[in-house]
Amino acid sequence: MDSSRDFLKSVNDSMDTSRDFVKSVNRIVVKVGTAVVTRSDGRLALGRLGALCEQLKELNLQGYEVILVTSGAVGLGKQRLRYRRLANSSFSDLQKPQGDLDGKACAAVGQSSLMALYDTMFSQLDVTSSQLLVNDGFFRDSGFRKQLSETVTSLLECRVIPIFNENDAVSTRKAPYEDSSGIFWDNDSLAGLLALELKADLLVLLSDVEGLYSGPPSDPNSKLIHTYIHEKHQKEVTFGDKSRLGRGGMTAKVNAAVAAANASIPVIIISGYATDNIIRVLQGEKIGTVFHKDAHLWKSLKEETAHEMAVAARNSSRRLQALKSEERREVLLAVADALEKNQKLIKLENEADIADALEAGYDKSLISRLTLKPEKISSLAKSVRVLADMEEPIGQVLKRTELADDLVLEKISCSLGVLLIIFESRPDALVQIAALAIRSGNGLLLKGGKEARRSNAILHKIITSAMPDTVGSKLIGLVTSRDEIPDLLKLDDVIDLVVPRGSNKLVSQIKESTRIPVLGHADGICHIYVDKSANIDMAKHIVRDAKTDYPAACNALETLLVHKDLSSNGGLNELILELKRGGVELYGGPKASALLNISEASSLHHEYSSLACTIEIVDDVFAAINHINKHGSAHTECIVTEDSEVAETFLSQVDSAAVFHNASTRFCDGARFGLGAEVGISTSRIHARGPVGVEGLLTTKWVLRGSGQVVDGDRGVNYTFKEQPLNTK
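Since we're looking at a predicted model, the values are computed, not measured.

1. Some words on the overall build of the chain
In terms of regular secondary structure, the chain is built from 25 helices and 24 strands. For the chain, with 729 residues in total, the buried portion stands at 54%. Partitioning the intrachain contacts of the chain with sequence separation of at least 6 by distance along the chain shows that 75% fall at a separation of at least 24.

2. Quick word on the nonpolar core
A general trend in soluble globular proteins is that nonpolar side chains are found buried together. Formed by 53 residues in total, the largest nonpolar core has its most connected members in Ile421, Ile438, Leu444, Leu446 and Ile463. The element that contributes the greatest number of residues to this core is helix H17 (residues 427-440), accounting for nine residues. Formed by 41 residues, the second largest nonpolar core is a distinct cluster that contains Val36, Leu44, Cys53 and Ile270.

3. Here's the deal with the sheet that holds strand E12 (residues 443-447)
Spatially, the four strands line up as an open sheet ordered E13-E12-E11-E14, and their pairing is parallel. The open sheet has two edge strands with one neighbour each: strand E13 (476-478) and strand E14 (497-501). Between one strand axis and the next, the sheet turns by 15° as a mean value, whatever way the strands run. Looking at chain direction, E12 and E13 are connected through three bridges and run parallel. Paired with Leu444 across the bridge in E13 is Ile476.

4. Section: the pairing of strand E15 (residues 526-530)
For E15, the buried fraction is high: five of the five residues fall into the buried class. Bridging between E15 and strand E16 (residues 557-563) involves five bridges; their strand directions are parallel. If you follow Tyr529 over to E16, its bridge partner there is Leu561. Each parallel crossover has a hand, and the one from E15 via helix H21 (residues 536-548) to E16 is right-handed.

5. Looking at the pattern of salt bridges
Evaluated as defined, the whole model comprises 34 salt bridges. Here Lys376 makes a salt bridge to Asp428, at a shortest N to O gap of 3.4 Å. Placement of Lys376 in helix H16 (residues 374-388) and of Asp428 in helix H17 is noted, with a sequence separation of 52 residues between them. With a shortest N-O distance of 3.8 Å, Lys540 and Asp537 are connected by a salt bridge.

6. Quick word on the packing of aromatic side chains
For the coordinates displayed, the defined rule picks out eight aromatic pairs. Here Phe139 and Phe144 contribute two aromatic rings whose centre-to-centre distance is 5.3 Å and whose plane-to-plane angle is 85°, an arrangement assigned as edge-to-face. Taking 5.8 Å as the distance between ring centres and 10° as the angle between the ring planes, the aromatic pair formed by Tyr587 and Tyr608 counts as stacked. With Tyr587 in strand E17 (residues 585-588) and Tyr608 in the loop between helix H23 (590-596) and strand E18 (612-618), this pair connects stretches of sequence that are 21 residues apart. According to the relative accessible area criterion, Tyr608 is buried, its value standing at 16%. Feature note: the residues Phe138, Phe139 and Phe144 constitute an aromatic cluster, connected by ring pairs. Taking the ring centre of Tyr273 as reference, the NZ or CZ of Arg48 above it sits at 3.9 Å.

7. Topic: the sheet that holds strand E24 (residues 722-723)
With respect to topology, four strands assemble into an open sheet ordered E23-E10-E9-E24, the strand pairing being antiparallel. Unpaired on one side and paired on the other, strand E23 (698-705) and E24 mark the two borders of the sheet. Summarising the sheet, strand E9 (residues 397-404) and strand E10 (residues 407-415) pair through six bridges and their orientation is antiparallel. Across the sheet, residue Arg400 finds its bridge partner in E10, namely Glu410.

8. Some words on helix H22 (residues 571-581)
Residues Gly571, Leu572, Leu575, Ile576, Glu578 and Leu579 constitute the buried set of H22. One face of H22 carries all of its buried residues, which in axial projection span an arc of 160°. What points out from H22, more than 90 degrees from its buried face, is the exposed set Lys580 and Arg581. Buried residues belonging to H22 abut E15, H21, E16, E17, H23 and E18. Once H22 finishes, Gly583 follows within two positions and takes phi at roughly 80°, a positive value.

9. Considerations on the confidence of the model for the chain
Considering every residue of the chain, the mean pLDDT works out to 85; 87% of them sit at 70 or more. For residues 242-247, every residue scores under 50 in pLDDT, and the model assigns this stretch 23 contacts once sequence neighbours within four places are set aside.

10. Comments concerning helix H14 (residues 343-360)
Look at H14: 25 Å from first C-alpha to last across 18 residues, which is about the 26 Å you get at 1.5 Å a residue. For H14, the full list of buried residues reads Leu345, Ile346, Glu349, Asn350, Ala352, Asp353, Ile354 and Ala357.

11. With respect to empty space enclosed by the protein
Using the criterion set out here, one finds two cavities of 30 Å³ or more in the structure. Considering only enclosed or pocket space, the largest cavity measures out at about 50 Å³ in volume. If you list the elements that add at least two residues to the lining of the largest cavity, you get helix H3 (46-61) and helix H11 (277-282). For the lining of the largest cavity, the element with the most residues is H3, which contributes four residues.

12. Section: the packing of helix H24 (residues 621-631) against helix H25 (residues 644-653)
Two packed helices can be described by the angle between their axes and the distance between those axes. Taken N-terminus to C-terminus, the directions of H24 and H25 make an angle of 20°; their axes are 10 Å apart at the nearest point. It follows that H24 is roughly parallel to H25 by the angle criterion. Crossing angle aside, the handedness with which H24 passes H25 is right-handed. Residues Val621, Phe622, Ile625, Ile628 and Asn629 of H24 pack against Val646, Thr649, Phe650 and Gln653 of H25. Of the residues assigned to the contact of H24 with H25, the class counts are six nonpolar, three polar and no charged.

13. Observations regarding the packing of helix H13 (residues 325-341) against H16
Contact geometry for H13 and H16: axes closest at 9 Å, N-to-C directions at 170°. Relative to H16, the element H13 lies roughly antiparallel. Contact with H13, carried on its side by Arg329, Leu332, Leu333, Val335, Ala336, Asp337, Leu339 and Glu340, involves Ile377, Ala381, Val384, Arg385, Leu387 and Ala388 of H16 and no other residues of that element. A class-by-class count of the residues in the contact of H13 with H16 yields ten nonpolar, no polar and four charged.

14. Structural notes on the environment of Leu212
The topology assignment puts Leu212 in the loop between strand E5 (202-207) and strand E6 (227-228). Using a relative accessible area of 1% as the deciding quantity, one classes Leu212 as buried. Each C-alpha atom, one on Leu212 and one on Gly288, is 7.3 Å from the other, the two residues being 76 residues apart in sequence.

15. Thoughts on the pairing of strand E19 (residues 636-640)
Of all five residues in E19, five are buried; the element is thus mostly enclosed. Of the two faces of E19, the one lined by Thr636, Cys638 and Val640 and the one lined by Glu637 and Ile639 are each fully buried. The pairing of E19 with strand E20 (residues 658-661) spans four bridges and is classified as parallel. Pairing of Glu637 across the sheet is with Val659, part of E20.

Cut-offs and rules
Residues numbered from 1 in each chain as written. Predicted model: local features only at pLDDT ≥ 70, side-chain atom pairs only at ≥ 80, totals over all residues. Heavy atoms only, no water. Helix = DSSP H or I, 4+ residues; strand = E, 2+ residues; numbered from the N terminus. Buried < 20%, exposed > 50% of the residue type's maximum accessible area, 1.4 Å probe, protein only. Contact = heavy atoms within 4.5 Å. Core = buried A, V, L, I, M, F, W, Y, C linked by side-chain atoms within 4.5 Å. Pairing = 2+ DSSP bridges. Axes fitted to C-alpha atoms, helices over the stretch in contact; angles between N-to-C directions. Right-handed = clockwise from strand over helix to strand, strands pointing away. Salt bridge = Lys/Arg side-chain N within 4 Å of Asp/Glu carboxyl O. Phe/Tyr/Trp six-rings, centres within 6.5 Å; stacked < 30°, edge-to-face > 60°. Lys NZ or Arg CZ within 6 Å of the ring centre and 35° of its normal. Arc of directions from axis to C-beta. pLDDT = per-residue confidence, 0-100. Expected span 1.5 Å × (residues − 1). 1 Å grid on protein atoms, 1.4 Å probe; cavity = no way out; pocket = protein on both sides within 12 Å on 5 of 7 lines; lining within 4 Å. Points joined across faces, edges and corners; volume = space filled by probe spheres on them. Parallel < 35°, antiparallel > 145°, perpendicular 65-115°, else oblique. Left-handed = near helix turned anticlockwise from the far one by under 90°. Nonpolar A, V, L, I, M, F, W, Y, C, P; charged D, E, K, R; others polar.

See below:
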């Protein structure tokens with residue numbers, strides 16, 4: 001096991017006593033289904049197969065006895081026979097309707113191909129595999145079952161991985177569930193039968209989803225079931241469609257899992273899309289769905305409620321605040337070191353998220369926000385160190401007033417308490433927010449988007465592992481279920497601030513659903529106004545950077561306003577050419593679309609978050625200001641001009657959180673503002689505005705130091721109200 005796996009095992013805070021049975025596991029049966037070994041187009045998913053083989057090799061090296069049950073032969077054979085039929089067809093043949101290929105022929109062709117692929121992959125990993133084809137009728141023969149057990153035992157003693165599959169090529173079954181002997185009828189039930197026959201300690205069923213859900217996984221109301229209790233869940237679970245390629249699906253997996261669990265063999269259904277889920281299961285992580293005959297007796301099944309999570313975060317935050325300033329600094333430095341040390345592990349989990357997002361068809365802007373490259377991780381670690389080296393924010397005396405003799409009032413900075421941050425797509429936001437929470441002494445609850453689930457989980461583990469025992473890992477809670485958000489938004493007694501980072505829809509929904517103060521911005525519709533006196537070369541440089549440096553960012557340019565004089569002196573054409581060289585697609589406002597003969601923008605209040613931009617012609621700086629105040633989102637605006645009077649007019653009259661002169665809108669960022677990082681950018685007018693760093697996560701309290709004074713109707717106090725310097729008591 002490499003160091004990253006050792007680390008994951010040592011920092012696992014999600015260990016549940018209900019999964020302690022994995023400590024005694026030695027012999028494992030792993031079943032991989034067609035939906036895992038193939039892509040959505042029916043071709044083999046070589047990346048997932050390779051990751052599976054690497055996991056099995058790792059387990060083999062650690063001394064586990066691994067038995068694999070694999071599907072995919074029919075699908076692979078069908079793919080190869082279709083190609084062969086196409087290659088041998090004449091043009092006239094192709095004009096005729098093509099009948100379905102014979103399934104048994106597909107199985108015969110695909111079986112050898114599938115095994116050849118496994119043999120090649122395992123050989124590259126210096127592992128030997130073997131093939132065992134079986135039919136259900138074989139198991140009627142006690143002699144066969146005895147010989148099977150002896151053969152597998154011999155193979156396992158030689159560290160060979162047996163690979164089982166049903167021999168569909170010669171099966172007498174007419175259809176998957178017809179003419180069945182009742183012994184097994186698909187590879188899920190075969191895996192369960194083999195686990196029983198071969199006395200396995202654990203059966204792992206790999207699926208194309210994270211585990212068993214209460215309903216179809218695509219249903220927003222469905223919830224992942226961590227531990228299956230037959231008496232409870234058999235009536236509650238609603239199954240969706242069966243597997244898109246195989247003949248089983250989740251119904252078959254649950255039936256096989258229940259049968260195996262009743263026979264005293266623990267079963268876990270997990271996603272086969274991740275690169276290390278089997279290893280994570282054996283480390284006791286709470287992933288997937290567990291089936292166990294004693295599940296109904298476990299006392300640790302009760303999930304931590306939203307309220308308990310928030311209370312735990314508050315208690316930990318108070319312990320964090322009690323630390324000395326240097327001790328809090330050391331916590332942040334430990335977080336930065338842990339991020340850099342575990343780049344490989346972060347990369348693995350992030351790549352799994354990206355693969356899922358690509359397969360799900362997410363757009364490029366989301367993939368861009370989701371991606372964590374090594375340089376990004378290094379940058380995150382650097383920003384955490386910058387925060388660590390900032391001046392201590394907690395307990396700063398902001399104002400000191402002598403109210404009367406020996407009666408001194410101080411206004412002191414202090415932590416807000418507990419923050420709830422709901423964000424989408426960007427796992428780097430988790431690191432930034434967590435670092436800010438630590439620096440400002442706040443407890444934190446995080447809910448990221450499902451598309452970054454694995455990335456968020458590993459980042460959370462790495463960060464909480466750096467917490468000293470005096471603070472505890474519950475300072476930062478990771479909310480994993482969307483079902484918990486409504487409950488969290490009701491906790492105005494224990495959560496002090498909600499910061500939504502995401503779409504307009506997300507922010508609006510949060511604001512409508514809670515009494516907790518909400519800080520954030522709905523849209524990032526940023527403008528640049530290029531004045532008639534602008535240096536065009538400077539303007540081109542600024543405009544291109546603002547639009548193309550990171551189009552998905554909320555501080556990227558979305559609308560370019562150009563003074564009308566530039567349309568006649570060539571300046572407008574230069575700006576357009578610069579944007580087009582950057583691959584930007586242009587849409588026009590009413591004036592620009594007519595002048596430039598380009599498509600009119602659907603709205604002047606539109607955030608593209610991609611390489612697209614609205615351009616409009618305005619009469620002067622006042623028209624630009626009116627346009628921004630009417631159609632903008634009060635995020636970030638810029639004027640490019642050499643006329644200082646025009647610049648000051650723009651800077652003073654534009655009603656946005658950040659207003660720049662001759663500088664790219666991309667500078668509106670917590671790190672670039674010297675805040676170390678940001679929890680978000682606020683377009684609110686209360687508490688914090690613009691990039692919200694440490695200061696935006698603090699509040700104040702009044703501390704009065706006296707010497708026995710009482711009010712007594714103000715008769716005994718001679719008020720002086722003298723302001724005192726802050727560097728003296």
